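Summary of the model geometry
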Amino acid sequence: MPIQAIKGSYFSCPSYGQVDYHEDALIELDDQGVIQAIVNQDDPAYPDRVDHYRSQQNLVELTADQYLLPGFIDTHIHAPQWPQAGIALDRPLTEWLDQHTFPLEAKYADLDFAKRVYNDLVDQLLAHGTTTALYFATIHKEASLALAKICAEKGQRGLVGKVVMDDPAGNPDYYRDASTDQALADTEDFILAVRDLAKDVPQGVYPVVTPRFAPSCTDEALAGLGELAAKYNCHVQSHCSEGQWEHDFTKERFGKTDTEALADFGLFGPKSVMAHSNFINDDDAKIFCDHQTAVAHCPISNVYFANSVIPIRHLKDLGVQIGLGSDISGGFSPSLYDNIKQAVMSSRQLEEGVDTRLDQDDRGVANSRIGLNEAFYLATAGGGEALDLPIGQIAPGFAGDLQVVSTSKLPNFDIFSEPEHILQRILYLSNKEDIKAVYCQGRLVHAKG
Ligand code: GUN
Ligand code: FE
């Protein structure tokens, strides 16, 4: 059963760049674990409502140094790459894929190995406050379904894709779909199996149509996956214009941008999320907007593989939906706290520029910085918008996805106690030791011992 009510001070983003703070509010949940009402301290009904839950012993109460944040939403993560987090990040993308990533992902033909890794990863993500994740699994139908089941059991909202890589020219013999037809048939079986599983999962578990990226798929597979996405009204994910190589490769192959090609194959829709998208131009951005397709911004991974810094502020100005992703293991950290920080820092470097041989005025790209409030939005409400789900905000009608963060270990000398400063410190300084409890759809999914 979900908790019925929780009382504490909370931060939430109702819109991009805006953070709301409410002190010691009472958050009431319904039987489905959805936030039903929020009663603030100045509401005349507040004392009675609090007493009501207290007397029934149905109230979770935060201490004065604890704060509630929405559960984080990781909009791009490769679950099978967890064992190599932090490894070989000095290699270029294609070499990293061929020599490290594909051999590792091939091991998920072994279901026991898959379960061992996936159990550990989902525990880790929950401990870091991530209540929803959009996962790439591997080409293996059974192991991908095992990941969905593990999310279901552990109470995390998992959106899982069996990866399609069918092109013999783009993939190694030992790790690719047996044929295009097999890839499409396995994807359809997987969609049906996850939909069946989802019937008994309160927080939701969702199948995702997942062409790895254009270079690993045939035209027939991309078109077939677009048809499956339409037939089942599924989420879709892929990589789009990540680095210079992918950007140039797709232009050469299709005579158009990655965005145009993927959209023309029917892979862009309101439930589509394209990882990285670092090289998209303004016309591409318009295609994202027209289809309400989102970008998964992966700031740590981008330091290694993007050959660029994505102009997040410009894309937001154009109206593109953007969520935040860890991109394990292109990014080394499972923590969206770490990715929030990097999103801010990378945008600052884009704005200031990096080459001191250039004049200050010529060095950077003006108006590129984003602040913590914006990055916090990307990790929460932006993810909800990207996935087209009522998650990522502490507000009535949203799922009761919450993390309880303690500030007791942060520097505290009775100064800098403004809410704005408290949030800044939480986002910059806290780590998983400070996350005391995590709720997904109102259910306790992690408690720090
Ligand atoms: N492009 C295709 N596959 C991958 C992957 O696993 N990681 C990253 N970062 N980019 C990719
Ligand atoms: Fe990726």
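See the structure above.
Heads up: these notes are all about the structure in this document.

Cut-offs and rules
Residues numbered from 1 in each chain as written. Chains lettered and ligands numbered in written order. Predicted model: local features only at pLDDT ≥ 70, side-chain atom pairs only at ≥ 80, totals over all residues. Heavy atoms only, no water. Buried < 20%, exposed > 50% of the residue type's maximum accessible area, 1.4 Å probe, protein only. Helix = DSSP H or I, 4+ residues; strand = E, 2+ residues; numbered from the N terminus. Pairing = 2+ DSSP bridges. Donors = N, O, S within 2.8 Å, 3.2 Å for Na, K, Ca; no water. Tetrahedral: all angles 85-135°; square planar, octahedral: opposite > 155°, others 65-115°. Near = heavy atom within 4 Å. Polar contact = N/O pair within 3.5 Å; in protein donor to acceptor, adjacent residues only side chain to side chain. Areas by Shrake-Rupley, 256 points an atom, 1.4 Å probe, with all protein chains shown as cover. Nonpolar A, V, L, I, M, F, W, Y, C, P; charged D, E, K, R; others polar.

What follows is about the pairing of strand 8 (residues 157-161). Extensive coverage of strand 8 is indicated by the burial of five of its five residues. Neither face of strand 8 is open: one carries Arg 157, Leu 159 and Gly 161, the other Gly 158 and Val 160, and all of them are buried. Of the pairings in the sheet, the one linking strand 7 (residues 130-136) to strand 8 comprises five bridges and is parallel in character. Paired with Thr 132 across the bridge in strand 8 is Arg 157.

Moving on, we come to the pairing of strand 2 (residues 18-29). Of the strand pairs in this sheet, strand 1 (residues 5-15) and strand 2 are connected by eight bridges, and their pairing is antiparallel. Bridge assignment links Phe 11 to a residue of strand 2, and that residue is Tyr 21. Across four bridges, strand 2 lies against strand 3 (residues 35-39) in antiparallel orientation. Paired with Ile 27 across the bridge in strand 3 is Ile 38. Where strand 2 folds back on strand 3, the antiparallel hairpin that results is connected by five residues, among which Gly 33 adopts a positive phi of roughly 80 degrees.

In a perfect tetrahedron of four donors around a metal, the angles come out at 109.5 degrees. In a perfect octahedron of six, they are 90 or 180 degrees. For the iron ion (ligand 2), every protein donor is listed as His 76 (NE2), His 78 (NE2), His 239 (NE2) and Asp 327 (OD), and the spread of their distances is 2.0 to 2.3 Å. Viewed at the metal, the four donor atoms of the iron ion (ligand 2) are separated by angles of 85 to 176 degrees, and the geometry they form is irregular. The class for His 76 is buried, based on a relative accessible area of 1%.

What follows is about unusual backbone geometry. Cis rather than trans, the peptide bond between Ile 328 and Ser 329 has omega equal to 0 degrees. Note on placement: Ser 329 falls in the loop between strand 14 (321-324) and helix 12 (336-352). Here the phi dihedral of Ser 277 falls at roughly 55 degrees; this positive angle occurs in a residue that is not glycine. Following the sequence through the fold, Ser 277 ends up in the loop between strand 12 (272-276) and helix 9 (282-291). A relative accessible area of 0% means that Ser 277 is categorised as buried. Positive phi, close to 55 degrees, is recorded for Asn 367, a residue that is not glycine.

Every residue close to ligand 1 is listed here: His 78, Gln 81, Leu 93, Trp 96, Leu 97, Arg 212, Phe 213, His 239, Glu 242, His 276 and Asp 327. His 78 is positioned with one of its side-chain polar atoms (N or O) 3.5 Å from an oxygen atom of ligand 1. Separating a nitrogen atom of ligand 1 from a side-chain N or O atom of Glu 242 is a distance of 2.6 Å. In the complex, the protein chains occlude 100% of the 280 Å² of accessible area that ligand 1 would expose alone. Here the shell around ligand 1 gets three residues from one element, more than from any other, and that element is helix 2 (residues 93-106). Taken together, the residues of the shell around ligand 1 break down into four nonpolar, four polar and three charged.

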